[in-house]
Amino acid sequence: MRLRVAQAACGLGLTISLGSGCGTLGDGVAAPDTWPRTPLRGFVLRDPESPFVVDRPGYDLDMPTVEPTGAGLPLHLWGQLAPRNEPDRKQLFSVILPSLDEPQVPQELFAPTLPWEGQSIQHPVWLSGLPDTEPVLLYTTSDGAVGLFVRGRDGTLERRRSPLAAAGALSKGKLGRVSPTVEDGRLRLYFSVDDQAVHYAETDADAVAAFARGDDRPVRFVTSPALIAASDFQVAVSRSQQQSAERLGSLFVRRVTTPAGRSRYDLYARAEAMGKAVLVAASSYRGDGSEPFLPIPDSLLAQTAGGVPMGPSVSELSGHALLLLGLKTVQTGIAIAVPQSDLPKKP
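Below: a short report on this structure. Values in this document were obtained by computation on a predicted structure and should not be read as measured data.

Remarks on helix 2 (residues 205-212)
Given 3.6 residues per turn, any residue in an α-helix points the same way as the ones three and four places further on. Burial of helix 2 is extensive: six of the eight residues sit out of reach of the surface. Every buried residue belonging to helix 2 is among Ala205, Val208, Ala209, Ala210, Phe211 and Ala212, and all of these are buried. Looking at the buried side of helix 2, the elements it contacts are strand 8 (136-141), strand 9 (146-151), strand 11 (179-183), strand 12 (186-193) and strand 13 (197-204). After helix 2 finishes, the residue Gly214 shows a positive phi value of roughly 115°.

Below, the structure written as structure tokens:
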């Protein structure tokens, strides 16, 4: 068992000491580090004293996602918001961030308008990489349907009139945030079920691209077995005690490419145990049942300045990783964290 753990950790570029190295068995030679520089641990709030880059008094904001434009600043940020005392009335918002130093308020709101959307739309996440299709915005309803926005010719968002996946099509349990990846002509939607285990639903990327362009034919998904469970993660419930997570949600999965040209799937989520919440990460080269996700032992966000972390996503700005997250203090807004190494050095 110890050998299997050591080999898995070495494959993910982790350092552990079990009396053998990470090269060929027992030779003490480290394997070449070909993993991308996307951190899986050790983020810190960019400005602990004023962490919010987006907030709105009287509302709770969460689930940030950056629209893929291929440029640096300004960032076009999306998320969900709800009145403080009406959490079941979620809407989507968007905001332009000209810099990371000037807090903004939501500039556009998108409420449910179609019968199948009910009273709440939530969990926005951008999907890029569909064949011959510009990036599209996915979202879910409170009962688990998956909807889709596309950019019209005039630059505005247009909502597809029917769901990409109807309520209950992906899972009979409570569907969490869906997070898409595209590779080799296949689309995967990763999600948690009942805040207990992670699955994905897979389909042909061409079918989704056709749906985005207006084809009304149903898109068929096949759902995977569980890939990783809440109990696979540890939550520090005190300075000296760790507890297996009881809940796992707010999922965000990102496919990155190593310098050697190999795909890697990085998973980010919010884990809870005994009333404590932390952001966690896991990684897999294949992202499916053939190679399980390996949980990272350290928390994704090293410090929260007394706040409670909510939904995470990871993006890049000018070659540097950004962790965007909902952060709950006296209110819940959108905060930004960066790797410790990216913070300015103190004189």
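What follows continues from the structure just given.
Considering the sheet that holds strand 6 (residues 108-110)
If you trace the four strands from one edge of the open sheet to the other, you get 3-4-5-6, paired in antiparallel fashion. Unpaired on one side and paired on the other, strand 3 (59-66) and strand 6 mark the two borders of the sheet. Ignoring strand direction, the axes of neighbouring strands in this sheet form an average angle of 30°. As judged from the six bridges shared by strand 3 and strand 4 (residues 75-83), these two strands associate in the antiparallel manner. Paired with Leu61 across the bridge in strand 4 is Leu81.

A short note on the pattern of salt bridges
In total, this model carries 18 salt bridges according to the counting rule given. Two residues, Asp215 and Arg217, come together in a salt bridge whose shortest N-O distance is 2.6 Å. Residue Asp215 is classed as partly exposed on the basis of its relative accessible area, which comes to 22%. The exposure class of Arg217 is exposed, given its relative accessible area of 61%.

Considerations on the side chain of Thr332
Its place among the elements puts Thr332 in strand 25 (residues 332-339). In contact with Thr332, not counting residues within four places along its chain, are Phe52, Tyr59, Asp60, Leu61, Arg84, Met310 and Leu327.

Some words on the environment of Ser283
Relative to the elements of secondary structure, Ser283 occurs in strand 20 (residues 276-284). On the basis of relative accessibility, which here comes to 1%, the residue Ser283 falls in the buried class. Along the sequence, Ser283 and Val253 sit 30 residues apart, while their C-alpha atoms lie 9.3 Å from each other. A polar side-chain atom of Ser283 sits 3.2 Å from the main-chain carbonyl oxygen of Tyr265.

About the criteria used
- Residues numbered from 1 in each chain as written.
- Predicted model: local features only at pLDDT ≥ 70, side-chain atom pairs only at ≥ 80, totals over all residues.
- Heavy atoms only, no water.
- Buried < 20%, exposed > 50% of the residue type's maximum accessible area, 1.4 Å probe, protein only.
- Helix = DSSP H or I, 4+ residues; strand = E, 2+ residues; numbered from the N terminus.
- Contact = heavy atoms within 4.5 Å.
- Pairing = 2+ DSSP bridges.
- Axes fitted to C-alpha atoms, helices over the stretch in contact; angles between N-to-C directions.
- Salt bridge = Lys/Arg side-chain N within 4 Å of Asp/Glu carboxyl O.
- Polar contact = N/O pair within 3.5 Å; in protein donor to acceptor, adjacent residues only side chain to side chain.

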